[in-house]
Amino acid sequence: MATETGTDEDVDLLDSFRQFFALERDVLVLSLSMLAFSLAFQMTSRYIPEYMRILGASAGVIGLYGSVGNLISAVYPYPGGAVSDRIGSRLALTVFATLATAGFGIWYLASVVGDITLGATTLPAWTLVFVGLFLAQAWKSFGLGATFAIVKQSVPPGRLAMGFASTEMFRRIGFLLGPLAAAALLATTATFVDGFQRVLLVALACGLVATVAQHFLYDASEDTLGKSFEGIDQILADLRTMPATLRPLLVADTFVRFANGMVYVFFVIVVTEFLSVGFTGFGVQLRPDAFFGVLLGVEMVVAILSMAPVAKLTEWAGLKPAVALGFLVYAVFPLLLIFAPGNQWVLVLLFAFSGLRFAGLPAHKALIVGPAEQDAGGRVTGTYYLLRNTLVIPSAALGGWLYGSEWAVAMGDVVIQAGPELAFGVATVIGLVGVAYFIAFGREFEAYE
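Conventions used here
Residues numbered from 1 in each chain as written. Predicted model: local features only at pLDDT ≥ 70, side-chain atom pairs only at ≥ 80, totals over all residues. Heavy atoms only, no water. Helix = DSSP H or I, 4+ residues; strand = E, 2+ residues; numbered from the N terminus. Buried < 20%, exposed > 50% of the residue type's maximum accessible area, 1.4 Å probe, protein only. Areas by Shrake-Rupley, 256 points an atom, 1.4 Å probe, with all protein chains shown as cover. Phe/Tyr/Trp six-rings, centres within 6.5 Å; stacked < 30°, edge-to-face > 60°. Lys NZ or Arg CZ within 6 Å of the ring centre and 35° of its normal. Axes fitted to C-alpha atoms, helices over the stretch in contact; angles between N-to-C directions. Parallel < 35°, antiparallel > 145°, perpendicular 65-115°, else oblique. Left-handed = near helix turned anticlockwise from the far one by under 90°. Contact = heavy atoms within 4.5 Å. Nonpolar A, V, L, I, M, F, W, Y, C, P; charged D, E, K, R; others polar. Expected span 1.5 Å × (residues − 1). Lys, Arg positive; Asp, Glu negative; His and termini not counted. Salt bridge = Lys/Arg side-chain N within 4 Å of Asp/Glu carboxyl O. Polar contact = N/O pair within 3.5 Å; in protein donor to acceptor, adjacent residues only side chain to side chain.

Colleague: Sorry, what's going on with the overall build of the chain here?
Modeller: If you tally the helices and strands in the chain, you get 20 helices and six strands. Burial status across the chain gives 54% buried among its 449 residues. For the chain, the computed accessible surface area is about 19300 Å², with 66% contributed by carbon and sulfur atoms.

Shown next as structure tokens:
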């Protein structure tokens, strides 16, 4: 359970699991429902770009989809808090869970209904994917700032990275199971669309069960979630009072996340279409789409196994090296992927390498919330992510334009041509700028110095 700030008591990596099963029924139900939605979203969201491609969407449209997702991530948390204030957290949680479940259903209908004709206008099938996105991400409106604040209040300053490693390991297990479940379902069907429809139905079932259980079993009579929202003035005040140590981290993080955002939605398409690599071995043969789910599983296994040791190392090496490691992996992975040979084992190694970007995540979170005042961790976190996510919004649209355009520019003997290589190459350059900036100007949290 919580330890007093300033003590030398270790953070047990299994403590989050012990506390989870010791929770009162209402909190346990809420935790399980949120885990269910996380699992459902991870099963589906990484495959949506390939789903859109098959439904006829261009690279530019897929990039726009990524930017809309960035926009939702940036703006949803604040109105989510306002809605919770107005109608109460229990009803708000039910409403947002229902919307998220409906989003999975609309994604399913996109391939069933096909193009929609409204008078003289025909809406392509992928239009419904955008509609579903606004609904499916609703569950993410809650919890980010509160999670940061709870860890800060419960863990000594010098052990923040270990505290976040404990919670992240539990959360990432859901991220591991989702893509693997999707891969298993895809492997049993003849086509991607047939398999992905099954994936969406499983996600829909998870959402329905979690919504009903949450509504009838969760007692939020003493829950204060969302009651601290004070409007735009509070946001501006939080921006002005952001700890100075966070500013270089925010600049570097924005560069790195912008770079990742340019190409993130195209990872599945690179594996399934650009490289078109499946898997054969151990008596198993997988299509590229199913193999992509396995690659995501490999990535998450490395993430889970690496977070705790790296978080432990931060106690003598500091937070900054771990954060820099994560940033570097984010930056170079796109270039390594797009120029990878079409070999299944090379892709396994590359996605295992990609999992190391999560190794620095607990240190990154500790570096965000550590400098905040004891009672302001949630607000500082919310402000940081609001600003970063807002600046990153156009990244996927830019990446989609570079990925799918057909222009070329001659510069002497060098010809720069739009396409996947250019999009992924530019992303790596932007990411490396962020890495260099952080190494040069990033500041260590004093508790780790």
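Here the narrative resumes, following the displayed structure.
Colleague: Honestly, unusual backbone geometry in this entry has me stumped. Any pointers?
Modeller: Outside of glycine, negative phi angles account for most residues, and trans bonds account for most peptide bonds. Of note, the phi angle at serine 276 is positive, near 50°, even though the residue is not glycine. On the secondary structure map, serine 276 appears in the loop between α13 (267-274) and β3 (279-281). Judged by relative accessible area, serine 276 falls into the partly exposed class, the value being 45%. One non-glycine residue with positive phi stands out, namely phenylalanine 282, at about 55°. Along the chain, the position of phenylalanine 282 falls in the loop between β3 and β4 (284-286). Judged by relative accessible area, phenylalanine 282 falls into the exposed class, the value being 73%.

Colleague: How do you make sense of the packing of aromatic side chains when you look at a structure like this?
Modeller: Geometry of an aromatic ring pair is reported as the spacing of the ring centres plus the angle between the planes. Applying the stated criterion across every chain yields a total of 24 aromatic pairs. Ring centres 5.4 Å apart and planes at 75° place the aromatic pair phenylalanine 327 and phenylalanine 438 in the edge-to-face group. Of this pair, phenylalanine 327 sits in helix α15 (residues 319-338) while phenylalanine 438 sits in helix α20 (residues 420-441), placing them 111 residues apart in sequence. Neither residue differs from the other here; phenylalanine 327 and phenylalanine 438 are each classed as buried. One aromatic cluster is present, formed by Tyr47, Tyr51, Phe192, Phe196, Tyr264, Phe266, Phe267, Phe292, Phe333, Phe351, Tyr403 and Phe424 through successive ring pairs. Over the ring of phenylalanine 438 we find lysine 320; its NZ or CZ atom is 5.9 Å from the centre of that ring.

Colleague: Is there a simple way to explain the packing of α15 against helix α17 (residues 361-369) in this structure?
Modeller: Two numbers describe a pair of packed helices, the interaxial angle and the distance between the axes. In contact at an axis separation of 8 Å, α15 and α17 are set at 120° when each is read in the N-to-C sense. With respect to each other, α15 and α17 are oriented oblique. For the pair α15 and α17, the sense of crossing is left-handed. Facing α15, whose interface residues are Leu319, Ala322, Val323 and Phe327, α17 presents Ala363, His364, Ala366 and Leu367. Residue composition of the contact of α15 with α17, grouped by class: seven nonpolar, one polar and no charged.

Colleague: Please clarify how α20 should be interpreted in this entry.
Modeller: Compared with an ideal rise of 1.5 Å per residue, which puts 22 residues at 32 Å, α20 spans 32 Å between its outermost C-alpha atoms and is within 8% of the ideal. Those residues of α20 lying buried are Pro420, Leu422, Ala423, Phe424, Gly425, Ala427, Thr428, Ile430, Gly431, Gly434, Val435 and Phe438. Residues of α20 that are buried make contact with α12 (246-263), α13, α15, α17, α19 (395-404) and β6 (414-417).

Colleague: Please explain the side chain of arginine 46 as it appears in this structure.
Modeller: Turning to its location among the elements, arginine 46 is positioned in the loop between α2 (25-45) and α3 (48-54). For the buried arginine 46, no salt bridge is present, and the opposite-charge side chain at shortest range is glutamate 299, 4.2 Å distant. Within the local environment of arginine 46, its side chain forms a polar contact with the side chain of tyrosine 264, the two groups lying 3.1 Å apart. In contact with arginine 46, other than residues within four places in its own chain, are Tyr264, Phe267, Val268, Phe292, Leu296 and Glu299.

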